[in-house]
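# Examining the three-dimensional arrangement
Here is what each chain is made of, one letter per residue.
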Amino acid sequence: KVICQTNYEFCENLDSPHLPVPDLFLMPSHWMVDEMKARFGEDRVHYLPPPIDPAEFEKALERNFWRGHHYKPVRFLHIVGTLAWQDRNGTLDLLASLPFAQGDFKLVIKSQHKLPPEYACSDPRVTFEIGNVEKNSDLYFNFDALILPRRYGGLSLSTNEALMSALPVLMPDISPNNKWLPKDWLVPATKKGEFRARAMIEYFQVDPQVLAKKIDEWTLLPPSRLKAYSIGFSNFSSSNIDSDYEEIFI
């Protein structure tokens, strides 16, 4: 039997109906699951995220919990990774919000590559870190929260790993974020446009002033690290979902 773990935007079967259909599509996020079931059938589509080993994030977890009792100002993290279509992780929206944010915080923006000129920022609260890290968990070490105004849905390993590192994640109120993140961690978003991949994909934007207001709220009282870790562990821990993979494979 053939099991295909697919990202909706790159699912070849959506664009090429002549292709053979696998026995099962595994969807790594809740995004577009219903659309896939409507297209290929309820029994051919199943949500199951990639597992995360909690042990790999123990050092980041311990450090981030320790920060809550020792350090100010608040340290926010934003991950660009590698720039993707339409500013996928919403970095430009975040930068546009900073002039409206009045709080005392530090923001570290991490990118694997040098960013184009339009991503320049002179705000003294902002630091750019360019390059790769040795381990994924190094991305999340010594922070209080992740700000990720991501423009469209799909799997976001940065979100999942941040939660496993006890970092609350501030995201737009769109799918799949609003399926499992607390409502007070979400910011309203409006449709900005759409583009075609293997299917038409909508992308969104957040209002810079609204995002700034939420950032200032989190500067004064960041959401619970314990809640973040609990969400991450229950949804993505290998100890919880490895058995789901075994059941499907058998």
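What counts, and at which threshold
Residues numbered from 1 in each chain as written. Predicted model: local features only at pLDDT ≥ 70, side-chain atom pairs only at ≥ 80, totals over all residues. Heavy atoms only, no water. Helix = DSSP H or I, 4+ residues; strand = E, 2+ residues; numbered from the N terminus. Buried < 20%, exposed > 50% of the residue type's maximum accessible area, 1.4 Å probe, protein only. Contact = heavy atoms within 4.5 Å. Areas by Shrake-Rupley, 256 points an atom, 1.4 Å probe, with all protein chains shown as cover. Lys, Arg positive; Asp, Glu negative; His and termini not counted. Charge placed at Lys NZ, Arg CZ, Asp CG, Glu CD. Salt bridge = Lys/Arg side-chain N within 4 Å of Asp/Glu carboxyl O. Pairing = 2+ DSSP bridges. Right-handed = clockwise from strand over helix to strand, strands pointing away. Axes fitted to C-alpha atoms, helices over the stretch in contact; angles between N-to-C directions. Patch = residues over 30% accessible without salt bridge, like charges linked within 9 Å, V, L, I, M, F, W, Y side chains within 5 Å. 1 Å grid on protein atoms, 1.4 Å probe; cavity = no way out; pocket = protein on both sides within 12 Å on 5 of 7 lines; lining within 4 Å. Points joined across faces, edges and corners; volume = space filled by probe spheres on them. Nonpolar A, V, L, I, M, F, W, Y, C, P; charged D, E, K, R; others polar.

### Looking at the overall build of the chain
Regarding its fold elements, the chain presents 9 helices and 11 strands. In terms of its C-alpha atoms, the chain occupies a principal-axis envelope of roughly 55 × 40 × 35 Å. For the chain, buried positions account for 50% of its 250 residues. Of all intrachain contacts in the chain linking residues separated by at least 6 positions in sequence, the fraction that spans at least 24 positions is 60%. As presented, the chain carries roughly 12600 Å² of accessible surface, and 51% of it is formed by carbon and sulfur atoms. Within the chain, the 33 negative side-chain charges are centred at a point lying 5 Å from the centre of the 27 positive side-chain charges.

### Some points on the pattern of salt bridges
For the structure shown, the criterion picks out 13 salt bridges. Between D144 and R67 there is a salt bridge; the shortest N-O distance is 2.9 Å. With D144 in the loop between β6 (126-130) and β7 (145-147) and R67 in helix α3 (residues 58-70), this residue pair connects regions lying 77 residues apart in the sequence. Taken individually, D144 and R67 each receive the classification buried, so the pair is uniform in this respect. Put simply, R151 and D87 hold a salt bridge, and the shortest N to O gap is 3.0 Å. Residue R151 is located in the loop between β7 and α5 (157-164), and its partner D87 is located in the loop between β4 (74-81) and α4 (91-97); the two are separated by 64 residues in the primary sequence. By relative accessible area, which is 2% here, R151 ends up buried.

### A short note on the pairing of strand β5 (residues 105-111)
β5 sits mainly inside the fold: 6 of its 7 residues count as buried. By the bridge criterion, 7 bridges tie β4 to β5 in an arrangement that is parallel. Across the sheet, residue F76 finds its bridge partner in β5, namely L107. Running through α4, the crossover from β4 to the neighbouring parallel element β5 is right-handed. Bridge count between β5 and β6: 5 bridges; the pairing is parallel. The residue of β6 that forms the bridge with V108 is T127.

### Some remarks on the sheet that holds β5
Here 6 strands make up an open sheet; going across it, the order is β6-β5-β4-β7-β8-β9 and the pairing parallel. Each edge of the open sheet carries a strand with a single partner, namely β6 and β9 (186-187). Against the sheet, α5 makes contact with β4, β7 and β8 (169-172), and its axis sits at roughly 150° relative to β8, the strand it touches most.

### Structural notes on a negative patch on the surface
A cluster of acidic residues, D53, E56, E58, E62, D242, D244, E246 and E247, forms a negative patch on the protein surface. Listed by contribution, the elements that provide at least two residues to the negative patch are α3 and α9 (238-249). Of all the elements, α9 adds the most residues to the negative patch, at 4 residues. Tracing the chain through its elements places E58 in helix α3. Judged by its relative accessible area of 43%, E58 is partly exposed.

### Some points on empty space enclosed by the protein
Counted under the stated rule, the structure contains 3 cavities of 30 Å³ or more. Along the wall of the largest cavity there are 15 residues; nearest its centre are S29, S156, N160, P176 and W180. Elements that contribute at least two residues to the lining of the largest cavity include exactly α5 and α6 (177-180). Approximately 60 Å³ is the volume attributed to the second largest cavity. Considering the residues around the second largest cavity, the lining is formed by T6, N7, Y8, E9, M27, P28, S29, W31, G154 and L155. Of the residues belonging to the lining of the second largest cavity, the class tally is 5 nonpolar, 4 polar and 1 charged.

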